[in-house]
Amino acid sequence: MRTIFVNLPVTDLERAKAFYAALGFENNAQFSDETAAAMVVEENVWVMLLTREKFAGFVTGQVGDPAQATSVINALSADDRAEVDDLLARALAAGGKPWRPTDDLGFMYSTSFTDPDGNVWETVWMDPAATQG
């Protein structure tokens with residue numbers, strides 16, 4: 001099994017930790033300190049919140065500002081439409097902002113939001129019958 005680590009630059013680590021905790025992600029203190037927080041979405045999906053200074057140590061060139069330009073859309077699957085709506089509601093209540101309007105194609109339903117730093121997230125439900133051969 002592979003593990004995915006989504007690394008995000010943040011301006012206020014404590015605010016970012018609170019936002020992702022409100023989404024239901026759990027902080028793994030073993031891989032967190034004053035410059036980074038490991039937020040576990042599930043066993044093999046982690047969101048690494050890194051101060052901009054810490055993030056800069058992992059990249060060449062400048063650290064982009066997600067509040068100014070979108071370079072990545074992080075998408076999470078959901079079990080049903082209600083979970084899609086619930087995650088959006090929790091994100092907005094925790095300080096996130098809506099990004100694009102809800103997209104309802106019948107077989108696929110999605111919403112999107114940004115975290116307080118402007119990092120984009122999309123939550124998607126797809127009808128299992130539509131994904132089968």
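Refer to the structure above for everything that follows.
Notes on the structure follow.

1. Notes on a nonpolar patch on the surface
Turning to step 1, where the next piece is worked out: A cluster of nonpolar residues, L105, F107 and M126, forms a patch on the protein surface that exposes about 270 Å² of accessible area.
Turning to step 2, where the next piece is worked out: Its location among the elements puts F107 in the loop between strand 7 (103-104) and strand 8 (108-114).

2. Let's talk about the pairing of strand 3 (residues 36-42)
Turning to step 1, where the next piece is worked out: Examined bridge by bridge, strand 2 (residues 26-33) and strand 3 share four bridges and lie antiparallel to one another. Paired with D33 across the bridge in strand 3 is A36.
Turning to step 2, where the next piece is worked out: Between strand 2 and the antiparallel strand that follows it, strand 3, lie two residues.
Turning to step 3, where the next piece is worked out: Counting the residues that bridge the hairpin from strand 3 to strand 4 (residues 45-51) gives two residues.

3. Some points on helix 3 (residues 81-93)
Turning to step 1, where the next piece is worked out: Look at helix 3: 19 Å from first C-alpha to last across 13 residues, which is about the 18 Å you get at 1.5 Å a residue.
Turning to step 2, where the next piece is worked out: Residues V84, L87, L88 and A91 constitute the buried set of helix 3. Seen end-on, helix 3 carries its buried residues on one side only, within an arc spanning 100°. Every exposed residue of helix 3 that faces more than 90 degrees away from the buried side is listed here: A82 and A93.
Turning to step 3, where the next piece is worked out: Here helix 3 starts with a cap whose side-chain oxygen sits 3.2 Å from the backbone nitrogen of A82, and that cap is D80.

4. Some words on the packing of aromatic side chains
In this description, an aromatic ring pair is defined by two values, namely the gap between the centres and the angle between the planes.
Turning to step 1, where the next piece is worked out: One pass over the structure, following the stated rule, counts seven aromatic pairs.
Turning to step 2, where the next piece is worked out: Between F25 and W121 the ring centres are 6.5 Å apart and the planes differ by 65°, which places this aromatic pair in the edge-to-face class. Taken together, the residues F25 in the loop between helix 1 (13-22) and strand 2 and W121 in strand 9 (residues 120-126) connect sequence positions 96 residues apart. Each of the two residues, F25 as well as W121, counts as buried.
Turning to step 3, where the next piece is worked out: By the ring-pair criterion, three or more aromatic residues cluster together here, those being F19, Y20, F25, F113 and W121.

5. Regarding the sheet that holds strand 1 (residues 4-10)
Turning to step 1, where the next piece is worked out: An order of 1-4-3-2 is seen for the four strands of this open sheet, with the pairing classed as mixed. At either end of the open sheet lies a strand with only one pairing partner, and these are strand 1 and strand 2. Taken pair by pair, the neighbouring strands of this sheet meet at an average axis angle of 25°, ignoring direction.

6. Looking at the nonpolar core
Turning to step 1, where the next piece is worked out: Grouped together as the largest cluster of nonpolar side chains are 19 residues, with contacts concentrated most on Y20, L23, V47, L49 and F113.
Turning to step 2, where the next piece is worked out: For this core, the elements supplying multiple residues, two or more each, are strand 1, helix 1, strand 3, strand 4 and helix 3.
Turning to step 3, where the next piece is worked out: Every residue in contact with F113, bar those within four places of it in the chain, is listed here: F19, L23, L87, L88, A91, K97, P98, W99, N119, V120, W121 and T123.

Cut-offs used in this document
Residues numbered from 1 in each chain as written. Predicted model: local features only at pLDDT ≥ 70, side-chain atom pairs only at ≥ 80, totals over all residues. Heavy atoms only, no water. Patch = residues over 30% accessible without salt bridge, like charges linked within 9 Å, V, L, I, M, F, W, Y side chains within 5 Å. Areas by Shrake-Rupley, 256 points an atom, 1.4 Å probe, with all protein chains shown as cover. Salt bridge = Lys/Arg side-chain N within 4 Å of Asp/Glu carboxyl O. Helix = DSSP H or I, 4+ residues; strand = E, 2+ residues; numbered from the N terminus. Pairing = 2+ DSSP bridges. Expected span 1.5 Å × (residues − 1). Buried < 20%, exposed > 50% of the residue type's maximum accessible area, 1.4 Å probe, protein only. Arc of directions from axis to C-beta. Polar contact = N/O pair within 3.5 Å; in protein donor to acceptor, adjacent residues only side chain to side chain. Phe/Tyr/Trp six-rings, centres within 6.5 Å; stacked < 30°, edge-to-face > 60°. Axes fitted to C-alpha atoms, helices over the stretch in contact; angles between N-to-C directions. Core = buried A, V, L, I, M, F, W, Y, C linked by side-chain atoms within 4.5 Å. Contact = heavy atoms within 4.5 Å.

So far we have only geometry, and geometry alone does not tell us how the molecule works.
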